[in-house]
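Each chain, written out:
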Amino acid sequence: MFRNLMIAASALALAACATGPDYAAPETPSSAGAFVAATSAVDTLAPVKADWWRLYDDPVLDQLVADAIAANTDVRVAVARLEKARAALREVRTDRLPDVGAGARATYGRLPESQRGSGAPREDWSIDAGLDVAYEVDLFGRVSRGIEAARGDLGAAEADLEAIRISVVAETARAYATAASAGEQIAVAERIVELLDRSLRVTDRRRAVGLTTSLDVARIATLRNQRQAEIPVLTAERNAALFRLATLTGRVPADLPPIAAQRVSTLRLDTPIPVGDGAQLLARRPDIRAAERRLAAATARIGVSTADLYPRISLGASIGSTGPDIGDVFGGGPLRWLLGPLISWSFTDHERARARIAGAEADTRAALAGFDGTVLRSLEETETALSAYASALDRRTALKAARDAAGQAARIVRAQQREGQVDSLALIDAERTFAETEAQLAAIDAGIADAQINLFKALGGGWSAGAAAYAAALP
């Protein structure tokens, strides 16, 4: 019986055809080659390093990144969603297996005399046991398209997890860099305040001997107090970055290791940054892979909906026995068996099925638009990050020259003031200019570190197994 059932299922499977469109990966822009905004500050030939944060050569940052990947709550949520997608795929795959069920029942009752043999008791037990097998023949691809859609969902969940990991790594590096940069800016502000304190003491001594006025003393004191007022703001910024770092690494603020707050110098990367090219970017970014996998899942669901236009064919078999006691059922008593196909077709409900097909087709068009938008945004983000990074480097070069010139001018004016060659207004102006350029240089160093992290994040980290597989599948 089961051999006949399998022969029939195989014959139908040979004639099966999957409904709906076959999926083809969408094309990406052919002009996505060398980056428009790339400059000599980047190396467009080398691929992006997967562990790009190690370029900063900071063991503390390396450990914080490892902690974030292991304990970050967003990563844990993405891992759970991936596990759910895997479970959904396993569930859908079971539709390819036969549905096997066994049952048994025992009843005690009274039958009419006409239904009992001569001399047989009218009241007796009746025991029934049987085994049922049903197998849906996937003649029109409903099951195979469902599995294809579930695989697309799983691929999207895998890419989403990678995208979240990249984002968490970047934000962890950013929080650490912000705390370190704020520490350096605090140190710069404290040096400026100390320098202005010396100028204030010199000016006050000159006032005491009548070489200047109390107004000059007040002006220098005002400038000094303005710089002093910047320190609490920078301190709050640094603390906020450390609190953010604790959250990113899955800790409460009190549990953040003290070593995370010890660095007081901005993260610096003076070597060119490897960025690859636009084609590598499109193959590397996990958000693009996620969008492509969602498009594949949406396309497969058109086939699932289309299969509802056609009948569902199942092959069924049943074997069982009924008797007054267990011995009769399992000891060679009366045996029954059934074998045959079952066709189920809601041919009067085609309008509902066609509405579902139209909805699935609309979802696919939306998924394709989402893919195209993700590709364009990824190129936009990368070009913007490259441009911002190059501009920040150019600005730092100019600011450093201005700071050096302002420092030289301030030293000359201080010497001239001690010799009585210039008044206090000239000194105040020189001190103010130097303080502003010094603070701006410290701020631009922090901005460069932030721009570098933005660039690494836009580049999508480094090559991964998922990225390589996706790149091989691109048209």
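Cut-offs and rules
- Residues numbered from 1 in each chain as written.
- Predicted model: local features only at pLDDT ≥ 70, side-chain atom pairs only at ≥ 80, totals over all residues.
- Heavy atoms only, no water.
- pLDDT = per-residue confidence, 0-100.
- Contact = heavy atoms within 4.5 Å.
- Phe/Tyr/Trp six-rings, centres within 6.5 Å; stacked < 30°, edge-to-face > 60°.
- Buried < 20%, exposed > 50% of the residue type's maximum accessible area, 1.4 Å probe, protein only.
- Patch = residues over 30% accessible without salt bridge, like charges linked within 9 Å, V, L, I, M, F, W, Y side chains within 5 Å.
- Areas by Shrake-Rupley, 256 points an atom, 1.4 Å probe, with all protein chains shown as cover.
- Salt bridge = Lys/Arg side-chain N within 4 Å of Asp/Glu carboxyl O.
- Helix = DSSP H or I, 4+ residues; strand = E, 2+ residues; numbered from the N terminus.
- Core = buried A, V, L, I, M, F, W, Y, C linked by side-chain atoms within 4.5 Å.
- Expected span 1.5 Å × (residues − 1).
- Axes fitted to C-alpha atoms, helices over the stretch in contact; angles between N-to-C directions.
- Parallel < 35°, antiparallel > 145°, perpendicular 65-115°, else oblique.
- Left-handed = near helix turned anticlockwise from the far one by under 90°.
- Polar contact = N/O pair within 3.5 Å; in protein donor to acceptor, adjacent residues only side chain to side chain.
- Nonpolar A, V, L, I, M, F, W, Y, C, P; charged D, E, K, R; others polar.

Observations concerning the confidence of the model for the chain
Right, so step 1: Scored by pLDDT, the chain comes out at a mean of 83, with 87% of its residues at no less than 70.
Right, so step 2: Overall, residues 4-15 carries pLDDT values under 50, and its contacts beyond four positions in sequence, including any with other chains, amount to 15 contacts.
Right, so step 3: Segment residues 465-475: pLDDT under 50, and 18 contacts once partners within four positions in sequence are set aside and those in other chains are kept.

Considering the packing of aromatic side chains
Right, so step 1: Tallied over the full model, the rule gives 3 aromatic pairs.
Right, so step 2: Look at Trp-52 and Trp-53: their rings are 5.9 Å apart centre to centre, the planes differ by 80°, and that puts the pair in the edge-to-face class. Judged on exposure class, the residue Trp-52 and its partner Trp-53 are both buried.
Right, so step 3: Site record: aromatic cluster; members linked through ring pairs are Trp-52, Trp-53 and Phe-456.

With respect to a nonpolar patch on the surface
Right, so step 1: Taken together, the side chains of Leu-335, Trp-337 and Leu-339 make up a nonpolar region of the molecular surface, amounting to roughly 350 Å² of accessible area.
Right, so step 2: Here Trp-337 shows up in strand β6 (residues 335-344).

Observations concerning the nonpolar core
Right, so step 1: Ranked by internal contacts, the top residues of the largest apolar core, which has 53 residues, are Trp-52, Tyr-56, Leu-61, Ile-273, Val-275, Tyr-389 and Leu-455.
Right, so step 2: Looking at this core, the elements that each hand over two or more residues are α2 (59-71), α4 (142-208), α5 (214-248), α6 (278-284), α7 (286-307), α9 (350-418) and α10 (424-458).
Right, so step 3: Per element, the largest residue contribution to this core is 9 residues, and it comes from α10.
Right, so step 4: Every residue in contact with Leu-455, bar those within four places of it in the chain, is listed here: Val-42, Ile-273, Val-275, Thr-382, Ala-385, Leu-386 and Tyr-389.

Some details on unusual backbone geometry
Right, so step 1: Even without being a glycine, Asp-57 presents a positive backbone phi close to 55°.
Right, so step 2: For Asp-57, a relative accessible area of 67% gives the class exposed.

Re α5
Right, so step 1: Taking 1.5 Å of rise per residue, 35 residues should cover 51 Å, and α5 covers 52 Å from first to last C-alpha, within 8% of that figure.
Right, so step 2: Remark: Gly-250 follows α5 within two positions and exhibits a positive phi of approximately 75°.

Quick notes on the side chain of Thr-374
Right, so step 1: Residue placement: Thr-374 occurs in helix α9.
Right, so step 2: With residues near it in sequence (within four places) discarded, Thr-374 still touches Asp-287, Ile-288 and Ala-291.

Here we look at the packing of α7 against α9
Geometry of a packed helix pair, given as the angle between the helix axes and the separation of the axes.
Right, so step 1: Taken N-terminus to C-terminus, the directions of α7 and α9 make an angle of 170°; their axes are 8 Å apart at the nearest point. Here α7 is positioned roughly antiparallel relative to α9, judged by the angle of their axes. Considering the relative orientation of α7 and α9, their crossing is left-handed.

Some words on α2
Within an α-helix, residues lying three or four positions from one another point in the same direction, as the helix has 3.6 residues per turn.
Right, so step 1: In this model α2 runs 18 Å from its N-terminal to its C-terminal C-alpha over 13 residues, within 8% of the 18 Å that 1.5 Å per residue would give.
Right, so step 2: All of the buried residues in α2 are Val-60, Leu-61, Asp-62, Leu-64, Val-65, Asp-67 and Ala-68.
Right, so step 3: Of the residues flanking the start of α2, the one acting as N-cap is Asp-58, its side-chain oxygen 2.9 Å from the backbone nitrogen of Val-60.

Quick look at the packing of helix α3 (residues 73-93) against α4
Right, so step 1: Contact geometry for α3 and α4: axes closest at 9 Å, N-to-C directions at 170°. By the angle class used here, α3 and α4 are roughly antiparallel. Between α3, through Asp-74, Val-75, Ala-78, Val-79, Arg-81, Leu-82, Ala-85, Arg-86, Leu-89, Val-92 and Arg-93, and α4, the contact on the second element is made entirely by Gly-146, Ile-147, Ala-150, Arg-151, Asp-153, Leu-154, Ala-157, Glu-158, Leu-161, Ile-164, Arg-165 and Val-168.
Right, so step 2: A breakdown of the residues in the contact of α3 with α4 according to their chemical character gives 14 nonpolar, 1 polar and 8 charged.

Considerations on the pattern of salt bridges
Right, so step 1: Within the structure shown, the criterion is met by 31 salt bridges.
Right, so step 2: A salt bridge links Glu-171 to Arg-174, with the shortest nitrogen-to-oxygen separation between them at 3.1 Å. A residue pair is termed a helical-turn pair when its members lie 3 or 4 positions apart in one helix, as Glu-171 and Arg-174 do in helix α4 at 3 residues.
Right, so step 3: A relative accessible area of 14% places Arg-174 in the buried class.
Right, so step 4: The shortest N-O distance in the salt bridge between Arg-268 and Asp-445 comes to 2.9 Å. One end of the pair, Arg-268, is in the loop between α5 and β4 (273-274); the other, Asp-445, is in helix α10, with 177 residues separating them in the sequence.
Right, so step 5: Given a relative accessible area of 36%, Arg-268 falls into the partly exposed group.
Right, so step 6: For Asp-445, a relative accessible area of 6% gives the class buried.
Right, so step 7: Ionic contacts of the salt-bridge type, sharing partners, join the residues Arg-191, Lys-400, Arg-403, Asp-404 and Glu-438 into one network.

Considerations on the side chain of Arg-224
Right, so step 1: Mapped onto the elements of the fold, Arg-224 is located in helix α5.
Right, so step 2: A distance of 3.1 Å separates the side chain of Arg-224 from the side chain of Asn-225, its partner in a polar contact.
Right, so step 3: In this structure, Arg-224 is in contact with Val-193, Leu-196 and Asp-197, ignoring residues within four places of it in sequence.

A closer look at the environment of Ala-405
Right, so step 1: For Ala-405, the location among the structural elements is in helix α9.
Right, so step 2: With relative accessibility at 46%, the residue Ala-405 sits in the partly exposed group.
Right, so step 3: Expressed as a C-alpha distance, the spacing of Ala-405 and Thr-433, which sit 28 residues apart in the sequence, is 9.8 Å.

Here we look at the environment of Thr-266
Right, so step 1: With respect to the helices and strands, the residue Thr-266 is situated in the loop between α5 and β4.
Right, so step 2: Counting along the chain gives 180 residues from Thr-266 to Ala-446, while the straight-line C-alpha distance between them is 6.2 Å.
Right, so step 3: Among the polar contacts made by the side chain of Thr-266, one reaches the side chain of Ser-181 at a distance of 3.4 Å.

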